[in-house]
Amino acid sequence: MIAREQRALLKSKIAGTGYPCVSLSINVPGYPKSNHAVTCFFKYCLQDLQYLLKSHLIEVLNREAIEKCDAAGDYFVAPVSAGNLGIVELKQICEDFEGGHPLGRYIDVDVYDEKGNCISSGKSKFCFYCKDKPAIECRREQAHDMVQLRSLMFSNMRDYCNRQRESLLSKQLASLAMKALLYEISLTPKPGLVDRLSNGSHADMNFLTFADSSAAISFYFEELVQAGFAFQDEKYIRALPIIRNIGLRMEAAMFRATTNINTHKGLIFLMGLTLFSCGKLYSSLNHFDPEYFRSIVRDICRDIVKRELQDSKSSNPTHGLAVFQSSGFSGARGEAEGGLQTVFEIGLPYLLKENQLNDTALTQCFLAIASKNMDTNILYRGGQAVLITFQKLCKTALEDYTDSNFMKVAEFCKNENISPGGSADLLALSIFFWSVMKCESPFFISSLIQSYDI
Ligand SMILES: [Zn+2]
């Protein structure tokens, strides 16, 4: 009761500012009025309400706002400057917010005029439990069991918050994947590869071909994360057709965007696997654990080299298969089966030393990867002896990091007409993991999107 009186006091204090005000609270029957699920739900609602008001050019005077959680529950109240809008229109916007929200019956958005009088629409709300009588009647008659009422409400709120979390995380991971592609292609110079100033050893593609391709495949990044979130099967190997199904659509989009040039085929496989596995990881963890992530990737790709390369009877062999049959090197599939070993153990450590990515760290990460990676793009175009010389040149350039040593790598690629595309893909993945690990706190996994069930 004291908390309620305090609340009335807050309202009158805000009314003293001479502006109308808007309050938000959650309608929880019984006691206590709040818990972790209610507070998180409240925070999502508050964020949505703030954006909605702003989108109607209503300014929330946040300096005067009060947000608190006490015995009466979670509460927000703030004066607003509604511009040309009258109080009735303001009330209507807030009512539409409640009406349009999937759990709108749990939300109370109240509007007060500049004198502190509550503006009522005169409509009575329906009971959120039985949905066929006005809430006030059910409350008066104590029509429903309080324990059941509360448990249904909390479980709906938890589900809602977990869906919001999943959606936010999927968007953030998709955005970091796109960032990784942009950073990789923009790094200039790169030996043999397409960059901002050169087409490297490629006659059929340039920087803009990669821009087209990146934009086309990024369309599917969010879907890959969501597929990982949704994956419940205990046999991880069954994830492969799901990832491949989305990957095939990405390939088709890539070929459409580039008029049949293969810019990102290897990356589509590795980034597809990565984004899916991130979704799986975040469905049971609130932070990125590299070892757990790698174990998911290894489980999904168990025996993939044997199944797809050694035992392959494909009548339409890919570059990867042709290289495997002639040299025994397993390319992107081998990297995946090893839980992205080259990325996590060789490339990424060069980036993790940095708090902000820069050209030197990116180039060193690339050279470290290229000095160890059995790049099937080079094997396909140059053969094994050429690859070994290339790796040695990269190792020297990394150990003695000078322009002249770097130029030797670039010239060798030019003379042999080779392009370390496989290593470029692993660089892009390293950039992605750097972003995930560096951005995780506090922006990435804010308290708002911590899962409850974990
Ligand atoms: Zn009812």
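Quick caveat, the model's predicted, so the values are computed rather than measured. (Residues numbered from 1 in each chain as written. Predicted model: local features only at pLDDT ≥ 70, side-chain atom pairs only at ≥ 80, totals over all residues. Heavy atoms only, no water.)

## Let's talk about the packing of helix 10 (residues 290-300) against helix 14 (residues 341-352)
- At their nearest, the axes of helix 10 and helix 14 sit 10 Å apart, and the two run at 145 degrees to each other. The segment helix 10 lies against helix 14, with Pro290, Phe293 and Arg294 engaging Gln341, Phe344 and Glu345.
- Within the contact of helix 10 with helix 14, the residues separate by chemical class into 3 nonpolar, 1 polar and 2 charged. (Axes fitted to C-alpha atoms, helices over the stretch in contact; angles between N-to-C directions. Helix = DSSP H or I, 4+ residues; strand = E, 2+ residues; numbered from the N terminus. Contact = heavy atoms within 4.5 Å. Nonpolar A, V, L, I, M, F, W, Y, C, P; charged D, E, K, R; others polar.)

## Remarks on unusual backbone geometry
- Backbone torsion omega between Tyr31 and Pro32 reads -5 degrees, so that peptide bond is classified as cis.
- With an omega dihedral of 0 degrees, the bond running from Thr188 to Pro189 counts as a cis peptide bond.
- Inspection of the secondary structure puts Pro189 in the loop between helix 5 (146-186) and helix 6 (207-218).
- A positive phi angle is found at Thr259, which is not glycine, with a value near 45 degrees.
- With respect to the helices and strands, Thr259 occurs in the loop between helix 8 (239-257) and helix 9 (265-282).
- Of note in this structure, Asn260 is not a glycine but carries a positive phi near 70 degrees.
- Relative to the helices and strands, Asn260 resides in the loop between helix 8 and helix 9.

## Considerations on the domain arrangement of the protein
- According to the domain assignment, the protein consists of domain 1 (2-144) and domain 2 (169-449).
- For domain 1 versus domain 2, the separation of C-alpha centres amounts to 48 Å. (Domains from an automatic or database assignment.)

## Observations concerning the coordination of the zinc ion
- Protein coordination at the zinc ion comes from Cys127 (SG), Cys130 (SG), Cys138 (SG) and His144 (NE2), with a distance range of 2.1 to 2.3 Å.
- One way to put it: the 4 donor atoms around the zinc ion meet at angles of 105 to 117 degrees, and that makes the site tetrahedral.
- Each donor residue of the zinc ion lies on one chain, and together they are spaced C-x2-C-x7-C-x5-H.
- The class of Cys138 is buried, set by a relative accessible area of 5%. (Donors = N, O, S within 2.8 Å, 3.2 Å for Na, K, Ca; no water. Tetrahedral: all angles 85-135°; square planar, octahedral: opposite > 155°, others 65-115°. Buried < 20%, exposed > 50% of the residue type's maximum accessible area, 1.4 Å probe, protein only.)

## Thoughts on the pairing of strand 1 (residues 21-26)
- Counting buried residues along strand 1, 6 of its 6 residues qualify, which places the element largely inside the surrounding structure.
- Along strand 1, one buried face is formed by Cys21, Ser23 and Ser25 and the opposite face, lined by Val22, Leu24 and Ile26, is buried too.
- In terms of strand pairing, strand 1 meets strand 4 (residues 73-81) through 5 bridges, oriented antiparallel. Considered in strand 4, the bridge of Cys21 is made with Pro79.
- As paired elements, strand 1 and strand 5 (residues 107-112) share 6 bridges and run antiparallel to each other. Bridge assignment links Ile26 to a residue of strand 5, and that residue is Ile107. (Pairing = 2+ DSSP bridges.)

## Quick look at the environment of Tyr19
- Along the chain, Tyr19 turns up in the loop between helix 1 (2-15) and strand 1.
- If near-sequence neighbours (up to four positions away) are discounted, Tyr19 is found in contact with Leu61, Pro79, Val80, Ser81, Asp113 and Glu114.

## Quick look at the pattern of salt bridges
- Applying the stated criterion across every chain yields a total of 15 salt bridges.
- Notably, a salt bridge pairs Glu184 with Lys190, separated by 3.7 Å at the nearest N-O pair. In terms of burial, Glu184 and Lys190 fall into one category: buried.
- Linked by salt bridges that have partners in common, Arg7, Lys68 and Asp70 make up one network. (Salt bridge = Lys/Arg side-chain N within 4 Å of Asp/Glu carboxyl O.)

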